[in-house]
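# Breakdown of the fold
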Amino acid sequence: MTMNESKKLNIFSGIQPSGELTIGGYIGAIKNWVTLQHEYQCLFMLADLHTLTVLQDPEMLRKRCYDFLALYIACGIDPAKNILFAQSHVPEHTQLSWILNCYAHMGELNRMTQFKDKSKQHAANINVGLFGYPVLMAADVLLYQTHYVPVGEDQKQHLELIRDLALRFNHRYGDVFTIPEPYIPKQGARIMSLQDPTQKMSKSDANLHNFITLLDEPDTIRHKLKRATTDSGHEIRFNLTEKPGISNLLVLFSAVTDKTILALETSYQHANGYGQFKQDVSEAIIAFLSPIQSRYQALRKDETELQRILHQGALAAREKASATLKKVYTLVGLMEST
Ligand code: AQP
């Protein structure tokens with residue numbers, strides 16, 4: 001590590017390799033990762049242990065980890081500059097998670113919206129892992145003395161819990177953990193479902209028409225956009241209460257073209273209906289995703305290289321994680337292993 005790198009503030013973020021990466025996850029999280037990698041010391045993780053809170057097909061999960069890693073890189077994350085690794089390759093995550101479990105309160109976990117939502121979605125499998133999901137996430141973040149966590153708005157509540165846990169621990173044992181702050185985009189923090197713009201776009205949504213994945217074919221994107229819910233009236237204008245569907249499409253359009261919403265509204269002020277607008281949004285998304293998809297195809301072919309990146313990443317992550325865990329073990333009174 002160079003002198004400059006050691007002075008940089010730390011960024012940590014991760015995504016569960018469940019389902020296929022959506023344009024919502026890209027705009028809410030990865031877009032910021034790409035920008036922040038130049039200024040910060042970044043760790044980007046495949047949250048594979050977190051995916052086990054919902055039943056997974058083992059072969060699919062293994063394959064998806066490589067798919068997601070290749071996508072991170074195809075989106076512009078430089079593996080030579082950042083630490084890219086799988087959560088399950090760094091055992092310190094589950095080790096710290098256990099300790100933090102003993103400081104987290106049932107009541108605060110019970111209040112988590114994601115737990116309530118996922119419990120409804122998976123009523124037959126409300127497992128302990130699902131309940132403790134944010135505690136494992138706290139271990140992920142706190143192991144690396146993280147300053148900022150770039151995430152979408154849905155993760156804000158988990159970040160608040162992580163901060164509370166870190167403060168509680170520090171209050172008892174001294175300055176152990178850096179108190180992390182969420183880094184949430186000003187625009188695009190919550191991309192909504194295409195057919196129900198009152199719900200977040202989610203990669204594990206059973207209705208495939210609700211989301212666009214980064215690997216969707218052009219015709220699939222056109223088809224999904226055509227079926228996207230719009231609102232009554234015919235004006236293209238941003239208004240979350242009156243026009244949630246059109247507003248969501250404007251945010252998507254703006255994110256993939258880097259044009260402001262105001263500029264887009266102005267260019268459609270004489271539009272007569274939504275047809276042309278929806279077509280233009282589709283074409284802009286297709287044009288944006290096309291180079292990402294080409295890079296992905298090339299990267300995904302070389303699984304040996306992807307394994308090498310994960311191996312290097314795990315070594316680098318473990319070096320940092322083990323230093324924090326050692327401190328924590330000592331402070332809570334565990335014996336040193338001889
Ligand atoms: N619709 C979204 N708008 C903005 N940001 C989003 N993110 C996800 N969906 C949107 C952000 O992307 C990252 C995904 O992390 P995750 O997979 O660990 O968590 P998640 O929030 O549970 O994502 P999904 O798509 O809803 O996954 P499933 O369906 O598997 O639970 C996070 O930073 C998230 O904020």
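Located above this text is the structure these notes cover.
Being a predicted model, the structure only gives us computed values, none of them experimental. (Residues numbered from 1 in each chain as written. Predicted model: local features only at pLDDT ≥ 70, side-chain atom pairs only at ≥ 80, totals over all residues. Heavy atoms only, no water.)

### What about the site of the ligand?
In the vicinity of the ligand lie 23 residues, with Lys-118, Asp-154, Ser-202, Lys-203 and Ser-204 positioned nearest. A distance of 2.2 Å separates an oxygen atom of the ligand from a polar atom in the side chain of Lys-118. A distance of 2.4 Å separates an oxygen atom of the ligand from a polar side-chain atom of Asp-154. Looking at the shell around the ligand, the elements with two or more residues in it are helix 2 (23-36) and helix 7 (113-121). (Near = heavy atom within 4 Å. Polar contact = N/O pair within 3.5 Å; in protein donor to acceptor, adjacent residues only side chain to side chain. Helix = DSSP H or I, 4+ residues; strand = E, 2+ residues; numbered from the N terminus.)

### Quick word on unusual backbone geometry
Here the phi dihedral of Gln-145 falls at roughly 50 degrees; this positive angle occurs in a residue that is not glycine. Structurally, Gln-145 is set in the loop between helix 8 (128-142) and strand 4 (148-150). For Gln-145, a relative accessible area of 19% puts it in the buried group. Phi at Asp-258 takes a positive value of approximately 60 degrees, unusual for a residue other than glycine. By secondary structure assignment, the location of Asp-258 is in the loop between helix 11 (244-257) and helix 12 (261-267). The class for Asp-258 is exposed, based on a relative accessible area of 64%. (Buried < 20%, exposed > 50% of the residue type's maximum accessible area, 1.4 Å probe, protein only.)

### Notes on helix 9 (residues 156-173)
A rise of 1.5 Å per residue sets the reference length of helix 9, with its 18 residues, at 26 Å; its end C-alpha atoms lie 26 Å apart and thus fit the reference within 8%. Taken residue by residue, helix 9 has His-158, Leu-159, Leu-161, Ile-162, Leu-165, Ala-166, Phe-169 and Asn-170 as its buried positions. Down the axis of helix 9, the sector holding all buried residues measures 170 degrees, keeping them to one side. Positive backbone phi, approximately 100 degrees, marks Gly-174, located one or two places after helix 9. (Expected span 1.5 Å × (residues − 1). Arc of directions from axis to C-beta.)

### Quick word on the pattern of salt bridges
Here the idea is simple: oppositely charged side chains can pair when their charged atoms come close. One pass over the full model with this rule turns up 15 salt bridges. Where Arg-168 meets Glu-108, a salt bridge forms, and the shortest distance between an N and an O atom there is 2.7 Å. In this pair, Arg-168 is assigned in helix 9 and Glu-108 in helix 6 (residues 106-110), connecting sequence segments 60 residues apart. Judged by relative accessible area, which is 8%, Glu-108 ranks as buried. Notably, a salt bridge pairs Arg-190 with Glu-153, separated by 3.0 Å at the nearest N-O pair. With Arg-190 in the loop between strand 5 (181-183) and helix 10 (218-227) and Glu-153 in the loop between strand 4 and helix 9, this residue pair connects regions lying 37 residues apart in the sequence. (Salt bridge = Lys/Arg side-chain N within 4 Å of Asp/Glu carboxyl O.)

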